[in-house]
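# Chain and residue survey
Read off the chains here:
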Amino acid sequence: MATASPSTYSAVTLNINGEKHTLTVDHRTTLLDALRERLDLTGTKKGCDQGQCGACTVLLDKRRAVACLQLAVAAEGREITTIEGVAEGDRLHPVQQAFLDLDGYQCGYCTPGQICSAVAVIEEHAAGWPSAVTDDVRPEAGPPPLTPEEIRERMSGNLCRCGAYVSIVQAVARAAENDARTGRTAEAAQDAHDAQGTQGAQGAQGAQGANHEGAAA
Amino acid sequence: MTTATTGTRTTGHAVGTAHTRVEGRDKVTGAARYAGEIPFTELAFGWFALSTAARGRVRSVESDAVLEMPGVLAVLHHGNAPRVDIDYVGMLGMPPDPTAAVFQHDRVPHAGWPVALVVAATSEQAREAAEALVVHYEEEPHDVTFAAGSEHPDAYSIPGPGGPGVTGKGDLEAELAASAVVLDAEYSTPEEHHNPMEPHAATARWDGGRLEVVDSNQGTLWVADELAKMFSLDPAAVRVRSEHVGGGFGSKGLRAHQVAAVMAATVLSRPVRVVMTRRQMFSLAGYRSPTNQRVRLGADAEGRLRALEHSSLSVTSTVHEFIESGAGPARVMYDAPAHHTANRVVRLDVPTPTFMRAPGEAPGSFALESALDELAEKCGIDPIELRVRNEPALGPVSGLPFSSRNLPACFREGARRFGWADRDPRPGLRRDGRWLLGTGTAAASFFAGAMPSTAAATAESDGTFTVRINAADIGTGARTALTLVAADALQVPTDRVRVRIGDSDLGPAMIAGGSMGTRSWAWAVTAAAEELRERLALSDAVPPEGITVRSDTTAAVGALTQKERHSFGAQFAEVAVDVATGEVRVRRMLGVFAAGKIVNPLTARGQFTGGMIWGISMALHEEAVRDRNTGAHYGADLAGYHVATHADVPLVEADWVDDPDPDDPVGIKGIGEIGIVGAAAAVANAVWHATGVRHRSLPIRPDRVLEAGVRA
């Protein structure tokens, strides 16, 4: 970038997976391209570059965002988590482990986005966020059971053209179940648990539902 | 729930045991690198500029202004691009689609035709320059309209992947006239696009006189062979690698991006990456042609077919012939004294269509299996019973025996699990609140073949084994399946076997296509591994360089006797139809398949259900629409072109009956495509059962449901 004109390039510091990266970026550079082309963090995938497929889903301040619709210069100061930052060292995140064990993928290209999305879905749910298919949306109702229908609705921003949806839903349900059992949840989720007391059990029931929902009439 | 292993200690039983993907950890951690993700020093970025004209010629490419833009290195177009040769027959026995041979002339045969490649130091610079590039056209009137009806004055018949263009026996009109029940119906399916999640991407570079291409494709030697022929290179001077592939579904062969990347790398003497945008894929990546089909059936009072006619019309471009052989399934599924099939094609000013998951079978089975359901209704016979009564003893067209035909077993098991026996055949009777409910079924088949392949198996001195085969894992789980096959052939645990794939230097092997990849590769791997095991039994120690055995299955595959070789399946669906909004939702789906030995139940289930979900998507969502004025698509992206997402997909279940192929060393038939066959028909037949109205045009959109209403 030696010839970079100061008016179209800026130095930014991005906080990615707990590490600070300072780089000079073209103002047009999306967070997605900064990750992939500049920082060699290629786990975040480019499926459409238009915010339509979810393959580039990352967490910005713990919430889901599509990196293709975020300019890198606007991501300064945000806490960015990519698929490379989901595991704890060599220990896979429960969502990653469940995707691996239950074959929640085929080609693997939508997978990082699905996993980042699922990590946030479990926390959003535990924190009591309703979805479009939640029956009782009163705040005091707490999180609804994390049924397959709830998971499908909440994960619908992530396309999988291989059609691995069945096992993805099962994987998210299993991870949520493990999450609730081990108490490995975000602070917000923990607060919700403390306040309501019963969400873990409900979540587990939802996960069971994924396994037991049968095709037989 | 399947219990999966990640590496077994026992030997000889890996095939048939669920095993997680050997590259799974890389895929869930983001470590797996796809084609556009390999870093190169001095990498430059190419960006296509596509024609906005639908027919005519390029008058000028105003590249001077663009070359002044920051970072721009070159603008390749028909006036300056290297010349290539397209007068050859490729590895698959077909001439190349000239669409891939970019920038060779000024003709524009369709909207979205590549007219230039802008290369710049960064992708942002390349993109802006490509979008700023002014191209002047001399436009001519175009025709992109695929009119309704299975007849077209300019249609002609050509052979296709499904065999000859036309087949026929018996007097159709006489048998129809003598039939107790006659059905005559027209069906249509729209233009459909593969849309693998990973866009087509290639990086080309010259490395000491050798062309290296890192690509996303379904067969590295296929692409390497075409590039060598096109650029008149020694085949040994071209290497194509494709380690991880983010889906293909038929679209990832030789395409414009590889050729353009090679041209740019040649002109600039530096590595160049070309990635299609999602929107560009709608013009450059191939697609499934729309079809208009007519099915005529005549049966006696017991439902036994006396006459069967299936004709299918599809489109191709003006520059290349590809035919969607919708009439193919009838040649396998049902016999009749009068049996006629025809595949015809008409040329329009559109891009060239190509293979897309179950080419021919997917749209063809929609028409044929809907027609069988309609015939069952007219005869007052259960749709499963109708199919069982029409099980042919021999291939209806070939007269050859079937290697195995376990379709009735699939229907029996499926009916039991789905609860078919309790079904009231009358339509429009079941209600759940505002939803009308219905169930439907359909049969499925797909050709089971093998192609010659080579493999190498090496016993390493540390006690492990390396298998090298130029396979492609496009998400099928082939890499894992071959690990299991090799472990069993070597009689060792799977964790002692590593499989290397996706590199043209590994030698000739079948592509990932035609549901023949894993079978063809497993054959070669088995041959090499079994011979290696015999060799090891005779040797005392493995030398430091290891012991390698190579195999070539050309003779063995060539010795297969002529038979009708197919997988079969039974599809079941339950739908709910909201007659107030026209929304159709699939509530549950079950497929039972007879598809050879299942190597890895964990990944195989995903292949079947993935195909079935394509069937849901085909039945209800997918449709690319062309604007007849511009000749280009409306909404050529994933917002305009709908594919099924999580919320559209219920619990879809797949299972299989015992059906090992007696002529295959492992018993494999192939499972990549059969899941979609018949799936859309099962959904459409369920919609009829719910509403009493036949939907013969896909997708079954809400407006179509509303317009058609309910006929209980």
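Residues numbered from 1 in each chain as written. Chains lettered and ligands numbered in written order. Predicted model: local features only at pLDDT ≥ 70, side-chain atom pairs only at ≥ 80, totals over all residues. Heavy atoms only, no water.

The next subject is the overall build of chain B. The helix and strand inventory of chain B stands at 17 helices and 25 strands. A principal-axis box enclosing the C-alpha atoms of chain B has dimensions of 75 × 75 × 50 Å. When burial is assessed residue by residue, chain B has 64% of its 712 residues classed as buried. Within chain B, contacts between residues separated by at least 24 positions form 81% of all contacts whose residues are at least 6 apart in sequence. When the accessible surface of chain B is summed, it comes to about 23,900 Å², and 50% of that surface belongs to carbon and sulfur atoms. (Helix = DSSP H or I, 4+ residues; strand = E, 2+ residues; numbered from the N terminus. Buried < 20%, exposed > 50% of the residue type's maximum accessible area, 1.4 Å probe, protein only. Contact = heavy atoms within 4.5 Å. Areas by Shrake-Rupley, 256 points an atom, 1.4 Å probe, with all protein chains shown as cover.)

To continue, consider the interface of chain A and chain B. Facing 61 residues of chain A, the contacting portion of chain B comprises 71 residues. Taken together, the two surfaces of chain A and chain B that pack against each other cover about 5,100 Å², and 54% of this comes from carbon and sulfur. Counting every contact that joins chain A to chain B gives 8 salt bridges. A salt bridge links D103(A) to R21(B); the shortest N-O distance between them is 2.7 Å. Applying the counting rule to chain A against chain B returns 31 residue pairs in polar contact (both at pLDDT 80 or more). (Buried area = accessible area lost by both parts, 1.4 Å probe. Salt bridge = Lys/Arg side-chain N within 4 Å of Asp/Glu carboxyl O. Polar contact = N/O pair within 3.5 Å; in protein donor to acceptor, adjacent residues only side chain to side chain.)

Right, let's talk about helix 3 (residues 111-126) of chain A for a bit. Residue and element names in this part refer to chain A. In this model helix 3 runs 22 Å from its N-terminal to its C-terminal C-alpha over 16 residues, within 8% of the 22 Å that 1.5 Å per residue would give. Of all the 16 residues making up helix 3, 15 are buried; the element is thus mostly covered by neighbouring parts of the structure. In the segment just after helix 3, G128 is the residue with positive phi, at about 95 degrees. (Expected span 1.5 Å × (residues − 1).)

Turning next to the nonpolar core. Formed by 137 residues in total, the largest nonpolar core has its most connected members in L297(B), F572(B), V575(B) and M589(B). With 43 residues, the next largest nonpolar core counts L482(B), L484(B), V497(B) and A512(B) among its residues. (Core = buried A, V, L, I, M, F, W, Y, C linked by side-chain atoms within 4.5 Å.)

What follows deals with the domain arrangement of chain A. Residues and elements named next belong to chain A. Partitioning chain A into domains gives domain 1 (9-85) and domain 2 (94-212). At the interface, 17 residues of domain 1 touch 16 residues of domain 2. For the pair domain 1 and domain 2, the summed buried surface comes to about 1,300 Å²; carbon and sulfur atoms form 57% of the total. Looking at the side of domain 1 facing domain 2, the largest losses of area belong to K45, R64 and I83, adding up to 43% of the total buried there. Here E124 and R64 are joined by a salt bridge, their closest N and O atoms 3.0 Å apart. Remark: the boundary between domain 1 and domain 2 carries 7 residue pairs in polar contact (both at pLDDT 80 or more). Only strand 3 (57-60) and strand 4 (63-66) provide two or more residues apiece to the side of domain 1 that touches domain 2. Tallying contributions element by element places strand 3 first for the side of domain 1 that touches domain 2, with 3 residues. Looking at the side of domain 1 that touches domain 2 residue by residue, the class counts come to 5 nonpolar, 6 polar and 6 charged. (Domains from an automatic or database assignment. Nonpolar A, V, L, I, M, F, W, Y, C, P; charged D, E, K, R; others polar.)

Our focus in this paragraph is a nonpolar patch on the surface. Residues and elements named next belong to chain B. A cluster of nonpolar residues, M91, L92 and M94, forms a patch on the protein surface that exposes about 210 Å² of accessible area. The topology assignment puts M94 in the loop between strand 3 (72-77) and strand 4 (107-108). Among the residues examined, M94 registers a relative accessible area of 32% and is labelled partly exposed. (Patch = residues over 30% accessible without salt bridge, like charges linked within 9 Å, V, L, I, M, F, W, Y side chains within 5 Å.)

Over the atoms, a rolling probe the size of a water molecule traces out where space has been left empty. The computed volume of the second largest pocket comes to approximately 1,100 Å³. Forming the boundary of the second largest pocket are 49 residues, of which W47(B), L50(B), T277(B), R279(B) and Q280(B) lie nearest the centre. At the level of secondary structure, the elements contributing two or more residues to the lining of the second largest pocket comprise helix 1 (31-38) of chain A together with strand 1 (44-50), helix 3 (123-132), strand 6 (134-139), strand 13 (272-275) and helix 7 (278-284) of chain B. In terms of residues, the lining of the second largest pocket owes the most to one element, strand 1 of chain B, which gives 6 residues. Among the residues making up the lining of the second largest pocket, the classes are represented as 24 nonpolar, 12 polar and 13 charged. (1 Å grid on protein atoms, 1.4 Å probe; cavity = no way out; pocket = protein on both sides within 12 Å on 5 of 7 lines; lining within 4 Å. Points joined across faces, edges and corners; volume = space filled by probe spheres on them.)

So, on to the sheet that holds strand 4 of chain B. The antiparallel open sheet is built from 3 strands, whose spatial order is 4-2-6 (chain B). Across the chains shown, the open sheet's two edge strands, defined by having one partner strand only, are strand 4 and strand 6 of chain B. (Pairing = 2+ DSSP bridges.)

Moving on: the domain arrangement of chain B. Residue and element names in this part refer to chain B. By the assigned domains, chain B splits into domain 1 (24-32 + 451-558) and domain 2 (400-448 + 560-712). Using only C-alpha atoms to locate each centre, domain 1 and domain 2 end up separated by 34 Å. Tallying the contact residues gives 19 residues for domain 1 and 19 residues for domain 2. Carbon and sulfur atoms make up 58% of the surface buried where domain 1 meets domain 2, a total of about 1,400 Å² over both sides. For the salt bridge of R519 with D661, the shortest nitrogen-to-oxygen distance reads 4.0 Å. The tally of links between domain 1 and domain 2 comes to 7 residue pairs in polar contact (both at pLDDT 80 or more). Those elements that place two or more of their residues in the side of domain 1 that touches domain 2 are helix 12 (478-490), helix 13 (517-538) and helix 14 (554-558). For the side of domain 1 that touches domain 2, the element with the most residues is helix 13, which contributes 5 residues.

Before going further, it helps to spend a moment on the environment of A619(B). All names here are of chain B. Relative to the helices and strands, A619 resides in helix 15 (residues 601-620). Residue A619 is classed as buried on the basis of its relative accessible area of 0%. The contacts of A619, once residues within four sequence positions are left out, are A680, V683, L698, P699 and I700.

Within a sheet, neighbouring strands are paired by backbone hydrogen bonds and run either parallel or antiparallel to one another. Residues and elements named next belong to chain B. Strand order in the open sheet formed by 4 strands is 21-20-19-22, and the pairing between neighbours is mixed. In the strand order of this sheet, the two ends are held by strand 21 (497-500) and strand 22 (547-552), each with one partner. When the angles between neighbouring strand axes are averaged without regard to direction, this sheet yields 15 degrees. Relative to strand 22, strand 19 (residues 454-459) runs antiparallel, the two sharing 6 bridges. What sits directly across from A456, in strand 22, is R550. Lying on the sheet, helix 12 is in contact with strand 20 (465-468) and strand 21; it crosses strand 21 at an angle near 135 degrees. Relative to strand 22, helix 13 is tilted by about 145 degrees, and along the sheet it contacts strand 19, strand 20 and strand 22. (Axes fitted to C-alpha atoms, helices over the stretch in contact; angles between N-to-C directions.)

What follows is about unusual backbone geometry. Of note, the amide linkage connecting L698(B) to P699(B) takes the cis form, showing an omega dihedral of -5 degrees. With respect to the helices and strands, the residue P699(B) is situated in the loop between helix 16 (679-691) and helix 17 (702-708). Notably, D40(A) is not glycine yet its phi reads approximately 55 degrees, a positive angle. We note that K62(A) has phi near 75 degrees; this positive angle belongs to a residue other than glycine. With respect to the helices and strands, K62(A) occurs in the loop between strand 3 and strand 4.

So, on to empty space enclosed by the protein. Residue and element names in this part refer to chain B. Tallying each qualifying case throughout the model produces 9 cavities of 30 Å³ or more. As for the largest cavity, its lining consists of 21 residues, of which M94, D97, W222, L254 and T354 are closest to the centre. For the lining of the largest cavity, a count of residues per class yields 11 nonpolar, 7 polar and 3 charged.

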